[in-house]
Amino acid sequence: MTAAREAIVLPFLLLTVTLLGGLQPGARIVFLPPPLFCLVLSSLLLAALVRSGALDPVRLMHGSRPVLANANGAIVLVALVAAGAQVFAMLTPASGLPLFFVSVFFFVLLVNTLVASPDRVRLLRSLAVIFGAGLILKFVVLAGLSQPAGRTARVLVALFDAATFGSIAQDPQPAAAGYLAFLTVALYLAGAALLPAVRAVGLEPVPRMQLPEA
Amino acid sequence: MRESVVRSVGLTASLAYGALVLWLYVTQPQTMAQVSGGLTSIIGAYSVDQQAFDDGLRFFRADKFPEARAAFARADRAGRDARTQFYIAYAFYREGWGRTYDDDVLFKQGLTAVDLAIALAPNGRLVVDDPDLQMHSADELRAELQRGLTIELSDFNPLRVLRKRK
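Since we're looking at a predicted model, the values are computed, not measured.

1. Focus on the overall build of chain A
Okay, so step 1: Each helix and strand in chain A was counted, giving 7 helices and 2 strands.
Okay, so step 2: Traced from its N-terminal end to its C-terminal end, chain A shows the element sequence α-β-β-α-α-α-α-α-α.
Okay, so step 3: Expressed as a percentage of its 214 residues, the buried residues of chain A come to 41%.
Okay, so step 4: The contacts of chain A with a sequence gap of at least 6 include a subset with a gap of at least 24, amounting to 77%.
Okay, so step 5: When the accessible area of chain A is evaluated, it comes to approximately 11700 Å², of which 70% is carbon and sulfur surface.

2. A look at the packing of helix α3 (residues 50–61) of chain B against helix α4 (residues 65–75) of chain B
All names here are of chain B.
Okay, so step 1: Interaxial distance between α3 and α4 falls to 8 Å at its minimum, and their mutual angle equals 165°. If you check the angle between α3 and α4, you find them roughly antiparallel. Helix-helix and strand crossings are classified by hand; for α3 and α4 the assignment is left-handed. Contacts from A52, F53, D55, G56, L57, F59 and F60 of α3 reach α4 at F65, E67, A68, A71, F72, R74 and A75.
Okay, so step 2: A class-by-class count of the residues in the contact of α3 with α4 yields 10 nonpolar, 1 polar and 3 charged.

3. Topic: the nonpolar core
Okay, so step 1: Residues L45, L49, F88, L91, F131 and Y188 of chain A are the most contacted members of the largest nonpolar core, which totals 52 residues.
Okay, so step 2: For this core, the element with the highest residue contribution is helix α3 (residues 67–91) of chain A, accounting for 10 residues.
Okay, so step 3: Here Y188 of chain A is in contact with L14, V17, L45, L49, L80, A83, G84, V87, L127 and F131 of chain A, once residues within four sequence places are set aside.
Okay, so step 4: In this structure, L57, A68, F72 and L111 of chain B belong to the second largest nonpolar core, which totals 33 residues.

4. Focus: the packing of aromatic side chains
Okay, so step 1: According to the stated counting rule, one finds 18 aromatic pairs over all chains in the structure shown.
Okay, so step 2: Relative to Y17 of chain B, the ring of F12 of chain A lies with its centre 5.7 Å away and its plane at 25°, an arrangement referred to as stacked. Of this pair, F12 of chain A sits in helix α1 (residues 3–21) while Y17 of chain B sits in helix α1 (residues 3–27), which puts the two residues in different chains.
Okay, so step 3: Judged by its relative accessible area of 17%, Y17 of chain B is buried.
Okay, so step 4: Seen in terms of ring centroids, F53 of chain B and F72 of chain B are 5.4 Å apart; in terms of plane orientation they differ by 55°. Their pairing is tilted. With F53 of chain B in helix α3 and F72 of chain B in helix α4, this residue pair connects regions lying 19 residues apart in the sequence. You'll find F53 of chain B and F72 of chain B in the same group, each marked buried.
Okay, so step 5: Ring-pair connections join several aromatic residues into one group, and the members of that group are F53, F60, F65, F72, F86, Y87, Y90, Y93 and F107 of chain B.
Okay, so step 6: Positioned above the aromatic ring of F59 of chain B is the side chain of R58 of chain B, whose terminal nitrogen or guanidinium carbon lies 5.7 Å from the ring centre.
Okay, so step 7: Its end group placed over the ring of F92 of chain B, R69 of chain B keeps NZ or CZ at 4.1 Å from the ring centre.

Criteria and thresholds
- Residues numbered from 1 in each chain as written.
- Chains lettered and ligands numbered in written order.
- Predicted model: local features only at pLDDT ≥ 70, side-chain atom pairs only at ≥ 80, totals over all residues.
- Heavy atoms only, no water.
- Helix = DSSP H or I, 4+ residues; strand = E, 2+ residues; numbered from the N terminus.
- Buried < 20%, exposed > 50% of the residue type's maximum accessible area, 1.4 Å probe, protein only.
- Contact = heavy atoms within 4.5 Å.
- Areas by Shrake-Rupley, 256 points an atom, 1.4 Å probe, with all protein chains shown as cover.
- Axes fitted to C-alpha atoms, helices over the stretch in contact; angles between N-to-C directions.
- Parallel < 35°, antiparallel > 145°, perpendicular 65-115°, else oblique.
- Left-handed = near helix turned anticlockwise from the far one by under 90°.
- Nonpolar A, V, L, I, M, F, W, Y, C, P; charged D, E, K, R; others polar.
- Core = buried A, V, L, I, M, F, W, Y, C linked by side-chain atoms within 4.5 Å.
- Phe/Tyr/Trp six-rings, centres within 6.5 Å; stacked < 30°, edge-to-face > 60°.
- Lys NZ or Arg CZ within 6 Å of the ring centre and 35° of its normal.

Rendered as structure tokens:
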């Protein structure tokens, strides 16, 4: 990994995700800090990244590295945890039954990913699916149901509210919120892909089998 | 470029960016004017629009309080000037003051403004040297607004109608 990537690109990407993840666009801009549960999810995600080899913490912080390099590495790690927490907070619905189920959904998926120990590429694909599913659920499905117009949506919401122990209706969101969430998730995934991975060691190129000449 | 230079530049920029992100979450600015005002006040470069402030003062002295507040808000777009916020709070007080009862809504808004003025003032101490005012410190104004919001036995005293607006 180059010094520029570690000292400039990764902190910029991850801090931007931290900034945008809590941004609530609207008539009045609000910056929401992540709830405690999202910090737990982010820590699980960090563990999954390390376990899969997508992140090698030794390449960010180690006694053999210079102090300046370790400071750069520490900023990347802190920003990674903060960005992860903000992404989870952004993708989790604000209230009601969806808040409960999506939180459980994220937790179970992350624990499953952690236990399954996928390799780097599979973990990144899995992350894209987890975040993509969260994005579609909150900003497409639930946002659609929360539109003030639409008789079908109102009937569905009323039926669901009556049949379960909580409401699925969410506060309507400005159109920009979904686009902002998409950009934030894309930046996070780009940042995760750029993290210093575990180096493959001791793998010799396999000689090709040669057919005997006729 | 040497690696140490890249790392130093990256570290400085990251710390500055991180501090900006943290500042945004702590102060919760709601408009771009508040963001730019907050940032300029950190480096001591923030100033109010003097023309708008003078307009506000003229309206205030003519008992045109909504107009005065609008002008003061224009003068201090970012809400970073303690003196302007003090006048906004005073305008809420004078408009909300009544001989028989005070307007709680306006007094609450005044309390919010004076709290902001106190928070912005150095060491929380704010004294405005204006002969037109009967209360010169933010502490006096705050106490008066709080008294107005509290229901006391003295509120039912008929002689209350003789009191004067400060």
